[in-house]
Amino acid sequence: RIAVAELAGGGGPRRATSRYVWCKYVRRELRGLTDEDRVAFFDAAEVIFKVGCAEGKATYGRKFDCISTFTRLHADLAGDPYCDHAHDGYGFLNQHVGLALWFEHALQNVNNLVALPYWDYTIDEHAVLSAEPGTVDLNVWWHSELWSDDWFGPACPRDHIVDSGRWAYISVEQQAWNVSMWT
C-alpha cells in the first residue's frame, strides 16, 4: 500500500490518498544488471544453494525452496530413460519456464527485490565466432565475465568443479534419481 499526501502552503495536509499498487519484476540479461542488482541476485541464489530446506523454511517462510528441490525435480523430469520430459519435444519450453518462475519465487522469498536474470549466450557465441575470422576459439567463451570469481567462477576443465570465487566447491546433490520430492 502506498500513501501520497499533498501539503498546503503552510505545511499542513491539503489532501491525501492511499492505494494498493502492483509490483512488476523485469528480467534482464545478467550483464545488464547494475552491480547492486547482480550482487543481490547472487546473494539470494547463494542462500538457496547453501541453506537446507528445513532451515530455509524456518528462516524465510514456507515458500522457500532449497536447491535440492530443483535438482531433484529436474532429475525426475530429465532422467527418465524412456522419455526426457524436460528436454525432448513440447515439454522443453513449458518445463523450463515453470522451473525458472518457481526458482525466481524462491529467490524472492530470500530477497523480494530480486528478479531472475537470463543469460543471452549468443553474446558469448558472437565473441567466440568473431575472435579471429574463420576460426572458432572456444577459449574466448571461458574469458567471459560470467566465469569470473565475482560472478559464477571458472570451472576446472578436468573435473568440472568451480574452484574459486563465490561458488567455489559448493556441493550439489548427485544421484538424485528416484528420490521423491513430495514425500
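Before reading on, note that the structure itself is shown above.
For the structure given in this document, a descriptive report is provided here. (Residues numbered from 1 in each chain as written. Predicted model: local features only at pLDDT ≥ 70, side-chain atom pairs only at ≥ 80, totals over all residues. Heavy atoms only, no water.)

Quick look at a nonpolar patch on the surface now. Taken together, Ile2, Val4 and Val21 make up a surface patch of nonpolar side chains, about 270 Å² in accessible area. Mapped onto the elements of the fold, Val4 is located in strand 1 (residues 2–7). (Patch = residues over 30% accessible without salt bridge, like charges linked within 9 Å, V, L, I, M, F, W, Y side chains within 5 Å. Areas by Shrake-Rupley, 256 points an atom, 1.4 Å probe, with all protein chains shown as cover. Salt bridge = Lys/Arg side-chain N within 4 Å of Asp/Glu carboxyl O. Helix = DSSP H or I, 4+ residues; strand = E, 2+ residues; numbered from the N terminus.)

Counting residues in each nonpolar core, the largest one holds 29 residues, and the members touching the most others are Leu30, Phe41, Ile48, Phe103 and Leu107. If you tally residues by element for this core, the top one is helix 1 (residues 35–50), at seven residues. (Core = buried A, V, L, I, M, F, W, Y, C linked by side-chain atoms within 4.5 Å. Buried < 20%, exposed > 50% of the residue type's maximum accessible area, 1.4 Å probe, protein only.)

Another point: the layout of surface pockets. When its volume is computed, the largest pocket comes out at roughly 1500 Å³. Forming the boundary of the largest pocket are 33 residues, of which Phe49, Phe103, Leu116, Trp119 and Phe152 lie nearest the centre. Residue contributions to the lining of the largest pocket peak at seven residues, all from helix 4 (residues 91–110). The volume enclosed by the second largest pocket comes to roughly 230 Å³. Contributing to the lining of the second largest pocket are 14 residues, with Asp37, Ala40, Leu113, Val114 and Ala115 lying nearest its centre. Tallied by class, residues from the lining of the second largest pocket come to nine nonpolar, one polar and four charged. (1 Å grid on protein atoms, 1.4 Å probe; cavity = no way out; pocket = protein on both sides within 12 Å on 5 of 7 lines; lining within 4 Å. Points joined across faces, edges and corners; volume = space filled by probe spheres on them. Nonpolar A, V, L, I, M, F, W, Y, C, P; charged D, E, K, R; others polar.)

To continue, consider the packing of aromatic side chains. Counted under the stated rule, the structure contains twelve aromatic pairs. Ring centres 5.2 Å apart and planes at 45° place the aromatic pair Phe41 and Phe42 in the tilted group. Taken as a pair, Phe41 and Phe42 share a single burial class, namely buried. A cation over an aromatic ring shows up here: Arg1 above the ring of Tyr20, its NZ or CZ 4.7 Å from the ring centre. (Phe/Tyr/Trp six-rings, centres within 6.5 Å; stacked < 30°, edge-to-face > 60°. Lys NZ or Arg CZ within 6 Å of the ring centre and 35° of its normal.)

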